[in-house]
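One-letter residues, chain by chain:
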Amino acid sequence: MTAKDKEHLLDLLTETQSAIRATVAGIDPGMRVYTDTDWRVRDIIGHLATWDRQVEKSLRAFRAGTEYSIPNLDEDAFNKQAVLGQRELTAQQIFAEWEQAREDFKDAIQEIPSDRF
């Protein structure tokens, strides 16, 4: 990949962040999203924050010359556990965490030297 590809990826992450913000603006964060689960708007934002954090950790490990993994990953169980943990947070805290996780994700990309990207 080139430096241009890196900038394009960063632009896409910023654009999707803005689009998500606009999509959920004015929506009750407690509104149920799926009828067959108890996931709400706030849970979806928390889910995005969780995975932005996981990607950030992986990128930072790559930059350090190591690897990051979630031992014995069962995605459904991991997602469920993350959502349950986030239920203790306010919607405002979850949205703030997602904003910070996305910024940290972009910073991790930015920190990868172009010759290693």
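Here the residue numbering is sequential within each chain, running from 1 through the sequence in written order. Totals for whole chains, interfaces and linings use all residues, but because this is a predicted model, local features are given only for residues with pLDDT of at least 70 and pairs of side-chain atoms are given and counted only at 80 or more. Derived side-chain values reflect all non-hydrogen atoms in the structure, with water molecules and hydrogen atoms excluded from consideration.

(A) Region of the structure containing the packing of aromatic side chains. Stacked, edge-to-face and tilted are the three classes for Phe, Tyr and Trp ring pairs, Trp counted by its six-membered ring, which pair at centre distances within 6.5 Å; planes under 30 degrees apart are stacked, over 60 edge-to-face, the rest tilted. Tallied over the entire structure, the rule returns one aromatic pair. Geometrically, the ring pair formed by Trp51 and Phe78 is tilted, given 5.2 Å between the ring centres and 55° between the ring planes. Pair noted here: Trp51 is in helix H2 (residues 41–63) and Phe78 is in helix H3 (residues 75–86), with a separation of 27 residues, a long-range link. The classification of residues rests on relative accessible area computed with a 1.4 Å probe and restricted to protein chains. Under 20% of the type maximum is buried, over 50% is exposed, and intermediate values are partly exposed. We classify Trp51 as partly exposed; its relative accessible area is 23%. Positioned above the aromatic ring of Phe62, the side-chain terminus of Arg116 is 4.5 Å from the ring centre. Helix and strand labels come from DSSP, where a helix needs a run of H or I of at least four residues and a strand needs a run of E of at least two; each type is numbered from the N terminus. Distance and angle both matter: a charge sits over a ring if NZ of Lys or CZ of Arg is within 6 Å of the ring centre and within 35 degrees of the ring normal.

(B) Focus on helix H4 (residues 91–111). The length a helix should cover is 1.5 Å for every residue beyond the first. Under the 1.5 Å per step criterion, the end-to-end length of H4 is 30 Å for 21 residues, consistent within 8% with the ideal 30 Å. Taken together, the buried positions of H4 are Ala91, Ile94, Trp98, Ala101, Arg102, Asp104, Phe105, Lys106, Ala108 and Ile109. Contact partners of the buried residues in H4: helix H1 (3–24), H2 and H3. Contacts were defined at the residue level, with two residues in contact if any of their heavy atoms lie within 4.5 Å.

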